[in-house]
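What follows is the residue order along each chain.
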Amino acid sequence: MEVCEGCGLPIAGGTAGCQALFDEFRAREMSELAPTYASTRLTVDVYCLQHPDRYCVSAKSLAAHLTGVGWAVERAGGDWGLRALQR
Ligand SMILES: [Zn+2]
């Protein structure tokens, strides 16, 4: 079994397999769960933090994903706060 180089998940296809699993989840999330901006943002932020070599290259990216997860976990992740963090 190959392993994702980003998060260490044992998965067929390694890193590409992990990305495909994430893409599949995102497609299901969008079509079946009617996600809010906050839940979508949390999904993306967590994946990016699990794959820092690819998605947290700059301090700005890392800060954006960390603050997004922090806002979701600590403050229930309302859209207004996420948009304020982006500004
Ligand atoms: Zn991965």
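Residues numbered from 1 in each chain as written. Predicted model: local features only at pLDDT ≥ 70, side-chain atom pairs only at ≥ 80, totals over all residues. Heavy atoms only, no water.

Novice: Could you give an account of the coordination of the zinc ion, with specific residues and numbers?
Specialist: Donor atoms from the polypeptide that coordinate the zinc ion comprise Cys4 (SG), Cys7 (SG), Cys18 (SG) and His51 (NE2), at 2.0 to 2.3 Å from the metal. Relative to the metal, the four donor atoms surrounding the zinc ion lie at angles of 105 to 113°, and the coordination shape comes out tetrahedral. Linear spacing of the donor residues for the zinc ion on their chain is C-x2-C-x10-C-x32-H. Residue cysteine 4 is located in the segment before α1 (14–32), and its partner histidine 51 is located in the loop between α2 (37–50) and α3 (52–55); the two are separated by 47 residues in the primary sequence. (Donors = N, O, S within 2.8 Å, 3.2 Å for Na, K, Ca; no water. Tetrahedral: all angles 85-135°; square planar, octahedral: opposite > 155°, others 65-115°. Helix = DSSP H or I, 4+ residues; strand = E, 2+ residues; numbered from the N terminus.)

Novice: How would you explain the packing of aromatic side chains if you had to name every residue and give the values?
Specialist: With the rule as written, the count across this model stands at three aromatic pairs. Taking the centre distance of 3.9 Å and the plane angle of 15° together, the rings of phenylalanine 22 and tyrosine 47 count as stacked. Of this pair, phenylalanine 22 sits in helix α1 while tyrosine 47 sits in helix α2, placing them 25 residues apart in sequence. For the residue pair phenylalanine 22 and tyrosine 47, the accessibility class agrees, reading buried in each case. Grouped by ring-pair contacts, the aromatic residues Phe22, Tyr47 and Tyr55 constitute a single cluster. (Phe/Tyr/Trp six-rings, centres within 6.5 Å; stacked < 30°, edge-to-face > 60°. Buried < 20%, exposed > 50% of the residue type's maximum accessible area, 1.4 Å probe, protein only.)

Novice: Any chance you could break down the nonpolar core for me, citing the residues and the numbers?
Specialist: With five residues, the main nonpolar core is built from Cys4, Ile11, Cys18, Phe22 and Tyr47. The residues touching cysteine 4, leaving out its near neighbours within four places in the chain, are Leu9, Gly14, Thr15, Cys18 and His51. (Core = buried A, V, L, I, M, F, W, Y, C linked by side-chain atoms within 4.5 Å. Contact = heavy atoms within 4.5 Å.)

Novice: Describe the packing of helix α4 (residues 59–75) against helix α5 (residues 79–86), with residues and values.
Specialist: Between α4 and α5, the least distance of the axes is 10 Å, while the angle of their chain directions is 160°. Classified by the angle between their axes, α4 and α5 sit roughly antiparallel to one another. As for how α4 packs across α5, the hand of that crossing is right-handed. From α4, Thr67, Gly68 and Trp71 reach across to α5, where they touch Trp80, Gly81, Leu82 and Leu85. Partitioned by chemical class, the residues of the contact of α4 with α5 number four nonpolar, three polar and no charged. (Axes fitted to C-alpha atoms, helices over the stretch in contact; angles between N-to-C directions. Parallel < 35°, antiparallel > 145°, perpendicular 65-115°, else oblique. Left-handed = near helix turned anticlockwise from the far one by under 90°. Nonpolar A, V, L, I, M, F, W, Y, C, P; charged D, E, K, R; others polar.)

Novice: Can you tell me about α4, naming the residues and giving the values?
Specialist: When the terminal C-alpha atoms of α4 are compared, their 23 Å separation across 17 residues agrees well with the 24 Å that a helix rising 1.5 Å per residue should span. Within the sequence span of α4, burial applies to His65, Gly68, Val69, Trp71 and Ala72. Each buried residue of α4 lies within a common arc of 155° when the element is viewed along its axis, so the set occupies one face. Residues of α4 that are exposed and point over 90 degrees away from its buried face: Ala59, Lys60, Val73, Glu74 and Arg75. Lining the buried residues of α4 we find α2, α3 and α5. Two residues or fewer after α4 comes alanine 76, characterised by a positive phi angle close to 65°. (Expected span 1.5 Å × (residues − 1). Arc of directions from axis to C-beta.)

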